[in-house]
Amino acid sequence: MKAAVLVFPGSNRERDVVTALRRATGEPPAMVWHAETALPDGTDLVVLPGGFSYGDYLRCGAIAARAPVMEAVRAHAARGGLVLGICNGFQILVESGLLPGILTRNKDLRFLCKPQHLKVERNDTPFTRGYQAGDVIEVIIAHGEGNYFADAETVERLEGEGRVAFRYCAADGTVGGDANWNGSVNDIAGIYSENLNVLGMMPHPENLVDAAVGGVDGLALFSGLARAA
């Protein structure tokens, strides 16, 4: 698999993603600066990493969504290429129109950084083939604006089309309640595009790919992508 990791001013999780991809594929991905106008030839997967692109000015991801490289990302997605946005990357994807909805301030208006369990909704996409539907996995959340919201019609469409990727849950798999720390509608932690080739998620799977630092539940996402490509 040939992967490209985008880098914006303020990105801070790009090297974590590089480490995860190298572990999953054995190959280092390309790192692409936001001012580039094209992706490397043969790119299969584009990853928009977490961080605070452009200092989160205006709205999180709003400036990055208009960076030159994003035209190439839109074209890549339109061709069916894989795109993964994590945390700030998810915010950039909704701001760029590649995914519906918005991400607003957490319900208690506090930045959250902690381990978090997710329930895998389906395993027949390139992003989740390393899991089983219904699996409970542990990842990390680190965000202040992770409260996913969309109008009722959009949420109904996401649910009806099976485009919810992950939901916040407790360790025993109970969805929502106190496990939904940021207040996201329907406990949504990640969503797909219509063609299931674009995934945006707030939690960080790349932070748990090594048992030495706390767990490996995130590694299956990247390994599954490698097999898909």
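Residues take numbers from 1 onward in each chain, read along the sequence in its written order. Since the coordinates come from a predicted model, pLDDT governs what is reported: local features require at least 70, and pairs of side-chain atoms require 80 or more to be given and counted, while whole-chain, interface and lining totals use all residues. As a rule here, side-chain values come from all non-hydrogen atoms in the structure, and water together with hydrogens is ignored.

This part covers helix α1 (residues 14–25). Numbering goes from the N terminus for both helices and strands, where a helix is a DSSP run of H or I of at least four residues and a strand is a run of E of at least two. In this scheme, a helix's expected span is set at 1.5 Å multiplied by one less than its residue total. With 12 residues, α1 extends 16 Å from end C-alpha to end C-alpha; this agrees with the ideal 16 Å at 1.5 Å per step. Throughout, exposure labels follow a simple rule: accessible area from a 1.4 Å probe, protein chains only, divided by the maximum for the residue type, with under 20% read as buried, over 50% as exposed, and the rest as partly exposed. Those residues of α1 that fall on the buried side of the exposure criterion are E14, V17, V18, A20, L21 and A24. Projection of α1 onto a plane perpendicular to its axis shows the buried side chains occupying an angular sector of 165°, all on one side. Backbone geometry just after α1 places G26 at a positive phi near 80°. By construction, the arc corresponds to the directions joining the helix axis to the C-beta atoms.

The contact between α1 and helix α5 (residues 219–228) brings their axes to 8 Å, and the two run at 60°. For the element pair α1 / α5, the angle class is oblique. Crossing angle aside, the handedness with which α1 passes α5 is right-handed. Across from A20, L21, R23, A24 and T25 in α1, the residues of α5 making contact are L219, F222, S223 and A226. In the scheme used here, Gly and all other residues not listed as nonpolar or charged are polar, with Ala, Val, Leu, Ile, Met, Phe, Trp, Tyr, Cys and Pro taken as nonpolar and Asp, Glu, Lys and Arg as charged. Within the contact of α1 with α5, the residues separate by chemical class into 6 nonpolar, 2 polar and 1 charged. Every angle, taken between N-to-C directions, lies between 0 and 180 degrees, and every axis is a line fitted to C-alpha atoms, over only the stretch in contact when it is a helix. Any angle that is under 35 degrees is reported as roughly parallel, and any over 145 degrees as roughly antiparallel; angles of 65 to 115 degrees are reported as roughly perpendicular and all others as oblique. Should the near helix be turned counterclockwise from the far one by less than a right angle, the crossing is left-handed, whereas a clockwise turn marks it as right-handed. Residue contacts follow a heavy-atom distance rule, with two residues in contact if any of their heavy atoms lie within 4.5 Å.

Among the buried residues, those of types Ala, Val, Leu, Ile, Met, Phe, Trp, Tyr and Cys that are joined through side-chain atoms within 4.5 Å form a nonpolar core. The biggest cluster of nonpolar side chains holds 66 residues, and the ones touching the most others in it are L6, M70, L84, F166 and F222. The residues contacting M70, other than those within four sequence positions of it, are L6, F8, L48, A64, A65, I92, S96 and L98.

Side chains that differ in sign of charge can pair as their charged atoms come close. The rule for a salt bridge is simple: a side-chain nitrogen of Lys or Arg has to be within 4 Å of a carboxyl oxygen of Asp or Glu. Scanning all chains against the criterion turns up 8 salt bridges. With its nearest N and O atoms 2.8 Å apart, the salt bridge here joins E71 to R74. In this pair, E71 and R74 are both assigned in helix α2 (residues 69–78), 3 residues apart and thus about one turn of the helix distant. Relative accessible area serves as the criterion here: at 53%, E71 is assigned to the exposed category. With a closest N to O distance of 3.2 Å, R167 and E121 form a salt bridge. Residue R167 is found in strand β9 (residues 164–169), and its partner E121 is found in the loop between β6 (112–120) and β7 (136–143); the two are separated by 46 residues along the sequence.

With that out of the way, let us pick up the UniProt feature "active site" (unreviewed entry) in the chain. Mapped onto the present numbering, the UniProt feature "active site" (unreviewed entry) falls on C87, H204 and E206. Look at the named residues: they lie 120 residues apart in sequence, but the longest C-alpha span between them is just 11.1 Å, so in the fold they bunch up. Note that H204 resides in the loop between β11 (198–201) and α5. On the accessibility criterion, H204 (1% relative accessible area) is buried. Every residue in contact with H204, bar those within four places of it in the chain, is listed here: R13, G50, I86, C87, V139, I140 and A142. Any pair of nitrogen or oxygen atoms within 3.5 Å is treated as a polar contact; in protein, a donor-acceptor pairing is required on top of that, and neighbouring residues in sequence qualify only through side-chain atoms on both sides. Here the side chain of H204 touches R13 through a polar contact of 3.3 Å, side chain to side chain. With respect to the helices and strands, the residue E206 is situated in the loop between β11 and α5. When near neighbours in sequence (up to four residues on either side) are disregarded, E206 contacts R13, D16, V17, A20, I86 and F222. In terms of polar contacts, E206 uses its side chain to reach the side chain of H204, at 2.7 Å. UniProt positions are given in the numbering used here, feature names are shortened, and annotations may be inferred rather than shown by experiment.

By definition, two strands form a pair when at least two bridges between them are found by DSSP. Of the pairings in the sheet, the one linking strand β1 (residues 3–7) to strand β2 (residues 30–33) comprises 4 bridges and is parallel in character. The residue of β2 that forms the bridge with L6 is V32. Seen with its strands pointing away from the viewer, a crossover is right-handed if its path from the first strand over the helix to the second goes clockwise. Read as a crossover between parallel neighbours, the route from β1 over α1 to β2 is right-handed.

The subject of this paragraph is the side chain of N197. One can find N197 in the loop between β10 (188–192) and β11. Residues contacting N197, with those up to four places away along its chain left out, are A77, G80, G81, L82, V83 and F127.

With that settled, consider the state of the cysteines. Any pair of cysteine sulfurs within 2.5 Å is marked as a disulfide. Within this structure, the stated rule accounts for 0 disulfides. Cysteine C60 is unpaired, with the sulfur of C87 as its nearest cysteine sulfur at 8.6 Å. Residue classification places C60 among the buried residues on the basis of a relative accessible area of 12%. The exposure class of C87 is buried, given its relative accessible area of 6%.

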